[in-house]
Amino acid sequence: MIEKVERSTKVFAHLRVVEIGSSVATSYCARLFSDFGADVQKVEPPSGDPLRRSAPFTPRGQSAWFAFLSFNKSSIIVEPTEPDATTRLSALIKSCDILVDGRDIDSADCPPIDVAAIREQRPEMIYLEASWFGAEGPYAGFSATDSTVRALAGLIKLVGPAEGPPLHAPDFQTGIVAGLWGFIATAASAVARMQGTGRYWSLSVFESSIALSEYQMLQAFQHGDVMRRIGINRFWPVFPWGIYETRSGWLGVSVGTPTQWRAFCDMLGLSELRDDPGLFLGEDRLQYLEQIEPQFIPRLKSRTALEWLAEGLNRRIPLVPVPEISNLLQDEEKKRRGAIVPVLFGEEEAFAVGPAQRLTLTPPLRGGKVPAVGEQQLFANCRRHPISTAFAPDGCSDANQQPLQGIRIIDFSMGWAGPLCTRTLADLGADVIKIEAIQYPDWLRGVDRRPAYVDGQMYEKAAPFCTLNRNKRGITLDLRRPQGVALAKRLLAGADIVVDNYSVDVLPKLGLGYDVLKTLNPRIVMMSMSAFGADSIHRDCRAYGSTLEQGSGLPNVIGNADGPPAMSHIAFGDAVGGLNGCAAVLVALIHARGTGHGQFIDLAQIECMMPFAAPWITLQSIDGRPPKRYGNRHPQFVPHGCFRCAGEDSWIVLAVTDEGMWQRLALLIGRRDWAEDEALKNAEARREIEEVIESGIEAWTITLDSDQAMRELQAARVAAGVARLPIDLLNDQHLRSRAFLQEVERAFIGKHPQPSMPIREGGRPHAIRTVAPTLGQHNREILSGLLNVSDAEIAKLTKDGIIGTAMHSEEELAKTKKTWSG
């Protein structure tokens, strides 16, 4: 049953959000506000938001995507031809706290409004404006779809069979990611607006998507043009890292560290591989992929995926069964945790993907109703405060300050997900203190502990680490020893937020669990970013970002019907988990700043991946049918695919979204007969000859360089994007024109590019203030400056190995362990 709850108890019950235009990015942003009780007024024309006509559809012809994006909102009709349409809409916007605007992507027949004039009257209003590519730059006027944007962002070319074509996933991935960025911008502004300041943000969907490809882009910067598509469920530079068949079911395998590789070999009885020094690292093993896979694939087929899951748990190897959509719907844990919730869509009862931001004191709504066109939900008027006093300006704020200035965050996270969360908070002005240990530094610095790596300080030269930890200060504390824990507690006593992405029991066992921290600091917000959740039956399972995609249900809707479940990214779950974590702590921070009460956030990163499979979960909950897999085709747009161009491994993604675009494409490729054929104006009629159409398109694209093909298609207003490699982004003309890549210089690595946030206030991105810290760089500054630790005490802490600035080698670590045990 749908949860019966008073919205007035929710964090955002005092907020009104108005959503205009039509885009997945702004719709998902607004949906996140409605999850926490905001009165979201979705403005639609009489025919409804165009997203209501987005496939796939329920048995009664309703969009499953729209259902996911819109439950618990209200709909208000504004007829653009009415004489007072602009006046009515302007009055509605003047009554809101936050305006999210997707008109640049699709106007949805929205009447003209003067947002600048409204902002002059309501300077405390927060305004978010989304576009595919931003207001300026070479791509600014491009026609686009989700897939063409992903192609340009380097998210397609490395996926799929080695011989091609590259394989891309179903729609709206970019919209979900951009919606998270939009929510982060507006929620951070809500923190700042507690002192009276509204803000205006522009959001680029294209630049938002680079959060998913920046890791590989920075790897390419360091290692050169070495990344290539190497097959379905294979990714440079790690191996084994994919999906494999078992005796029953498919198994997600992610073997990263040398220890995991040895355990994997022991599990399968492959001692010769385990002891081969030439297979120490993932990139070493990748060179022998064709020799290694035949040795372990047959052995994986000897047991079921569930049996291997148990083995992985015992041996601390990241293994996960790859669920079908039906498995997710039968998973009672996901329903108990609110990852899957009931929704009502007209007369259809269904299940949908619920909020991933699992705040324990102020949880989000569980389920709800999808509004009909023009339907006001019953809870729309339960605002706690009139608009004029929701956040009354007090005259003491500075619009030039960053929104999170004055917020302090203690960062225990490592890798990609947690550091992206805290980097985003740091980019928005928070003071983030990153805690590592010389014994166990952030593994993104490198997992190699051999003498040459450690002595050469190679752990200071990893570009992805430098990117994910900019704008932070860094200290080292050995948390396995009482002195380190005591210092951590002193830091936590003065913090607003603490973030970790360890396994769920690590900090509690160290005496740093939430039950301890809340006694030290009742207003602290603590977020655990574990893979499966603190109360999950899988809480002890190891995971990487790849594991999260493998276990999300998404691989079973990607690829061809006769192929295996297919991954779409080397570590999809990491960036997605990081952005969801950032969104979650901002909600909790707003509550804490308003009430003085902190709380624990139990963020299960695997649940953060489920929105990408959302419509298929809803459909199967209604009709029981497994999702249809379209490969590179589309359930609605015909033609839609990835087409070969002139040159080696050169491809372009193309999508025809309406009748006019179809006719322009047909004329461009010299098929006037298709353009004039009345029957082919209908997409379903074109589907009958889809192979013929695809051959006709490729006969044209194969004669052109991919960039030339894109220029000609875009000149004809046909949505198209070159399938770029991550390394291509370093010299992308559009990103350069917008100063998206900022060059910084850091010790050990020198000058290197870093991506900006995709959210801007004004014409230029937020500047990078400081580079990532070297190991223990700010030990003295923080211990002396914040905690008043004396020089003599700092010297003793250094001598005892509680703090330091040099990573321990494997030999040094073994000596330390022996000393403690002795």
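## Some points on the environment of Phe637
You can see Phe637 is positioned in the loop between helix H24 (614–623) and strand S19 (640–644). Sequence separation between Phe637 and Arg686 is 49 residues; the distance between their C-alpha atoms is 9.6 Å. Among residues more than four places away in sequence, those in contact with Phe637 are Asp171, Val656 and Thr657.

## A closer look at helix H25 (residues 659–668)
Listed as buried for H25 are Met661, Trp662, Leu665 and Ala666. All buried residues of H25 fall inside an arc of 135° around its axis, so they share one side. Buried residues along H25 sit in contact with strand S20 (651–655), helix H26 (672–676), helix H27 (683–688), helix H28 (690–701), helix H29 (706–715) and strand S21 (719–722). For H25, the N-terminal capping position is held by Asp658, with its side-chain oxygen 3.2 Å away from the main-chain nitrogen of Gly660. Of the residues flanking the end of H25, it is Gly670, one or two places downstream, whose phi is positive at about 80°.

## Digging into the environment of Asp673
Positionally, Asp673 belongs in helix H26. The exposure class of Asp673 is partly exposed, given its relative accessible area of 43%. Between the C-alpha atoms of Asp673 and Ala117, which are 556 residues apart in sequence, the distance is 50 Å. In this structure the side chain of Asp673 is engaged in a polar contact, spanning 2.8 Å, whose partner is the side chain of Arg671.

## Topic: unusual backbone geometry
A cis amide bond, omega 5°, links Trp236 with the succeeding residue Pro237. Here Pro237 is to be found in the loop between helix H7 (205–223) and strand S7 (241–245). Here the bond from Val638 into Pro639 is cis, since omega is 0°, no more than 30 degrees from zero. Topologically, Pro639 is positioned in the loop between H24 and S19. A positive phi angle is found at Gln457, which is not glycine, with a value near 50°. Mapped onto the fold, Gln457 is located in the loop between helix H16 (451–455) and helix H17 (463–468).

## Looking at the nonpolar core
In this structure, Phe12, Phe33 and Leu404 are the most contacted members of the largest nonpolar core, which totals 206 residues. Residue contacts for Phe12: discarding those within four places in its chain leaves Phe33, Phe36, Gly37, Ala38, Phe183, Val587 and Ile590.

## Focus: the sheet that holds strand S4 (residues 98–102)
Taken in spatial order, the 7 strands line up as S3-S2-S1-S4-S5-S6-S24 in an open sheet, and their pairing is mixed. The sheet terminates laterally at strand S3 (74–77) and strand S24 (759–760), the two strands that pair on one side only. With respect to the sheet, helix H1 (residues 24–35) is in contact with strand S1 (16–21), strand S2 (39–44), S4, strand S5 (126–131) and strand S6 (200–204), its orientation differing from that of S4 by roughly 155°.

## Observations concerning the sheet that holds strand S10 (residues 340–345)
Taking strand neighbours across the sheet as the criterion, the 3 strands line up as S11-S10-S12 in an open arrangement whose pairing is mixed. With partners counted over all chains shown, the strands left at the sheet margins are strand S11 (348–353) and strand S12 (368–370), one partner each. Shown here is a sheet whose adjacent strand axes are inclined to one another by a mean of 40°, direction ignored. Two elements, S10 and S12, share 3 bridges in a ladder whose sense is parallel. When the sheet's bridge partners are listed, Val343 is paired in S12 with Gly368. Along the sheet face, H24 touches S10 and S11 and points at about 145° away from the line of S11.

## Side note on the pattern of salt bridges
For the coordinates displayed, the defined rule picks out 61 salt bridges. For Glu436, the salt bridge goes to Arg445, with nearest N and O atoms at 2.9 Å. Neither Glu436 nor Arg445 differs from the other in exposure class; each is buried. Among the salt bridges present, the one from Arg746 reaches Glu460, with a minimum N-O distance of 2.8 Å. Separated by 286 residues along the polypeptide, Arg746 in strand S22 (residues 741–746) and Glu460 in the loop between H16 and H17 bring together distant segments of the chain. For Arg746, a relative accessible area of 4% gives the class buried. Within the structure, one salt-bridge network assembled from shared partners comprises Glu333, Arg336, Arg337, Arg358, Asp535, Asp602 and Glu607.

## Focus on the packing of helix H8 (residues 258–268) against helix H12 (residues 305–315)
Pairs of packed helices are described in terms of their axes, by the angle between the two and the distance that separates them. Following both chains from N to C, one finds H8 and H12 inclined at 135°, their axes separated by 10 Å at the closest point. By the criterion of interaxial angle, the relationship of H8 to H12 is oblique. As for the relative orientation of H8 and H12, their crossing is right-handed in sense. Packed against H8, whose contacting residues are Ala263, Asp266, Met267 and Leu268, the element H12 presents Trp308, Glu311 and Arg315 at the interface.

## A short note on the pairing of S4
The side chains of a regular strand alternate between both faces of the sheet. Counting buried residues along S4, 5 of its 5 residues qualify, which places the element largely inside the surrounding structure. With burial as the criterion, each face of S4 is covered, one bearing Ile98, Val100 and Gly102 and the other bearing Leu99 and Asp101. One ladder, built from 5 bridges, connects S1 with S4; its direction is parallel. The residue bridging Val17 from the neighbouring strand is Ile98, located in S4. Pairing geometry for S4 and S5, over 4 bridges, is parallel. Paired with Val100 across the strands is Leu128, a residue of S5.

## A short note on the side chain of Glu311
Relative to the elements of secondary structure, Glu311 occurs in helix H12. In this structure Glu311 comes out as buried when scored by relative accessible area, which is 16%. Those residues within four positions of Glu311 in sequence are excluded, and the remaining contacts are Met267 and Arg303.

## A short note on the packing of aromatic side chains
Applying the stated criterion across every chain yields a total of 24 aromatic pairs. Here Trp65 and Phe172 contribute two aromatic rings whose centre-to-centre distance is 4.9 Å and whose plane-to-plane angle is 80°, an arrangement assigned as edge-to-face. Residue Trp65 is found in helix H2 (residues 64–70), and its partner Phe172 is found in the loop between helix H5 (146–152) and helix H6 (173–193); the two are separated by 107 residues along the sequence. Side by side, Trp65 and Phe172 carry an identical accessibility label, which is buried. Both rings, one in Tyr244 and one in Phe296, keep their centres 5.2 Å apart while their planes meet at 80°; by these two values the pair is edge-to-face. Within this pair, whereas Tyr244 is found in strand S7, its partner Phe296 is found in helix H11 (residues 289–300), the two being separated by 52 residues in sequence. For Phe296, a relative accessible area of 0% translates into the label buried. Through pairs of rings, three or more aromatic residues link up here, namely Tyr28, Trp65, Phe68, Phe172 and Trp616.

## Some remarks on H28
With 12 residues, H28 extends 16 Å from end C-alpha to end C-alpha; this agrees with the ideal 16 Å at 1.5 Å per step. Where H28 is concerned, the buried positions are Glu690, Ile693, Glu694, Gly696, Ile697, Trp700 and Thr701. Projection of H28 onto a plane perpendicular to its axis shows the buried side chains occupying an angular sector of 160°, all on one side. On its buried side, H28 packs onto S19, S20, H25, H26, H27 and H29.

## Overview of the confidence of the model for the chain
Taken over all residues, the pLDDT of the chain has a mean of 93, while the share at 70 or more is 95%. Residue range residues 383–397 is modelled with pLDDT below 50. Its contacts to residues more than four positions away, or to other chains, number 32 contacts.

## Observations concerning the pairing of S6
Two strands pair when backbone bridges link them, and S5 and S6 are joined in this way by 5 bridges, in the parallel orientation. Its bridge partner being in S6, Ala130 is matched across the sheet by Leu203. Alignment of S6 against S24, held across 2 bridges, turns out to be antiparallel. Bridging across to S24, Ser202 finds its partner in Arg760.

Here is what the cut-offs are and how they apply
- Residues numbered from 1 in each chain as written.
- Predicted model: local features only at pLDDT ≥ 70, side-chain atom pairs only at ≥ 80, totals over all residues.
- Heavy atoms only, no water.
- Helix = DSSP H or I, 4+ residues; strand = E, 2+ residues; numbered from the N terminus.
- Contact = heavy atoms within 4.5 Å.
- Buried < 20%, exposed > 50% of the residue type's maximum accessible area, 1.4 Å probe, protein only.
- Arc of directions from axis to C-beta.
- Polar contact = N/O pair within 3.5 Å; in protein donor to acceptor, adjacent residues only side chain to side chain.
- Core = buried A, V, L, I, M, F, W, Y, C linked by side-chain atoms within 4.5 Å.
- Pairing = 2+ DSSP bridges.
- Axes fitted to C-alpha atoms, helices over the stretch in contact; angles between N-to-C directions.
- Salt bridge = Lys/Arg side-chain N within 4 Å of Asp/Glu carboxyl O.
- Parallel < 35°, antiparallel > 145°, perpendicular 65-115°, else oblique.
- Left-handed = near helix turned anticlockwise from the far one by under 90°.
- Phe/Tyr/Trp six-rings, centres within 6.5 Å; stacked < 30°, edge-to-face > 60°.
- Expected span 1.5 Å × (residues − 1).
- pLDDT = per-residue confidence, 0-100.

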